[in-house]
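Chain by chain, the residues run as shown.
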Amino acid sequence: MDRSKVQEIIEQQVLTVAKAFEEKLDDEISALDRVDLDDIDALRERRLQQMKKMAEKRNRWISLGHGEYSEIQSEKDFFTVVKASERVVCHFYRENWPCKVIDKHLTILAKKHIETRFVKINAEKSPFLAEKLKIIVLPTLALIKNTKVDDYVVGFDELGGTDDFSTEELEERIARSQVIIFEGESSSLSLSKPYTRNVRQSQRSDSDSD
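Residues numbered from 1 in each chain as written. Predicted model: local features only at pLDDT ≥ 70, side-chain atom pairs only at ≥ 80, totals over all residues. Heavy atoms only, no water.

Within a sheet, neighbouring strands are paired by backbone hydrogen bonds and run either parallel or antiparallel to one another. Judged by pairing direction, the sheet is mixed, and its five strands sit side by side in the order E1-E3-E2-E5-E6 without closing on themselves. Among the strands making up the open sheet, the edge pair consists of strand E1 (69–71) and strand E6 (148–154). Strand-to-strand, the axes of this sheet are offset by a mean angle of 25 degrees, without reference to chain direction. The pairing of strand E2 (residues 87–93) with strand E5 (residues 140–145) spans six bridges and is classified as antiparallel. Considered in E5, the bridge of Arg 87 is made with Lys 145. Where helix H6 (residues 167–175) meets the sheet, it contacts E2, E5 and E6, and its direction lies at approximately 45 degrees from that of E5. (Pairing = 2+ DSSP bridges. Helix = DSSP H or I, 4+ residues; strand = E, 2+ residues; numbered from the N terminus. Axes fitted to C-alpha atoms, helices over the stretch in contact; angles between N-to-C directions. Contact = heavy atoms within 4.5 Å.)

This is the structure we're talking about:
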């Protein structure tokens, strides 16, 4: 193609982009012109109130133990935790490798998702809870909202069936039940459907029976 023709095309493209940018800028200036000082003050006040409420929530969450992955020492403490926090992820565990894998990921997620309380409880020392919540396979995560167990993550079935899944994969799985506020993009796991499988279904070799 003739060099002068190429230059002409480039100049035309530059002019088109510049015109679009100029029109957008004009629109923004016009919008600002229509906002009076009272509107700006109202927006600022609303934003300050939102920030204040968020700070109060954060302080309350921290006072309840959010931001850390901690162990519940008794069944009585489990009910205290569930009543105090709107969202709870509770890991029913025993001393084995699969449960230690879950521990690793939940330690990370607890710091990231301060809106949710992350705890664990020894299933073998909590027979009443294990029976009441039908905990059969370990590890099992009970996903709790407003004092009710809304969902379960049982073993590693939904996480690829192996212990080398990523923290992000577990994060996405928990987010399906909206027990955490998830801001990332879904990759291999769909966030649209909650997990509805009965916890008494078949066990995999990478998990232990209670």
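Within the largest apolar cluster, 22 residues are counted, with the highest numbers of intra-cluster contacts made by Phe 78, Cys 90, Phe 92, Ile 121, Leu 133, Ile 135 and Ile 144. Contributions of two or more residues to this core are made by helix H3 (75–84), E2, strand E3 (117–122), helix H5 (127–132), strand E4 (137–138), E5 and E6. With four residues, the top contributor of residues to this core is E2. Residues within four places of Ile 121 in sequence aside, it is in contact with Ile 72, Ser 74, Glu 75, Phe 78, Cys 90, His 91, Phe 92, Tyr 93, Ser 126 and Leu 129. Judged by nonpolar contacts, the second largest core, of 20 residues, contains Tyr 69, Phe 118, Leu 141 and Phe 156. (Core = buried A, V, L, I, M, F, W, Y, C linked by side-chain atoms within 4.5 Å. Buried < 20%, exposed > 50% of the residue type's maximum accessible area, 1.4 Å probe, protein only.)

What follows covers the environment of Arg 176. Inspection of the secondary structure assignment puts Arg 176 in the loop between H6 and strand E7 (208–209). Considering only alpha carbons, one finds Arg 176 and Asp 151, 25 residues apart in sequence, at a separation of 9.3 Å.

On their own, these measurements won't tell you what the molecule is for.
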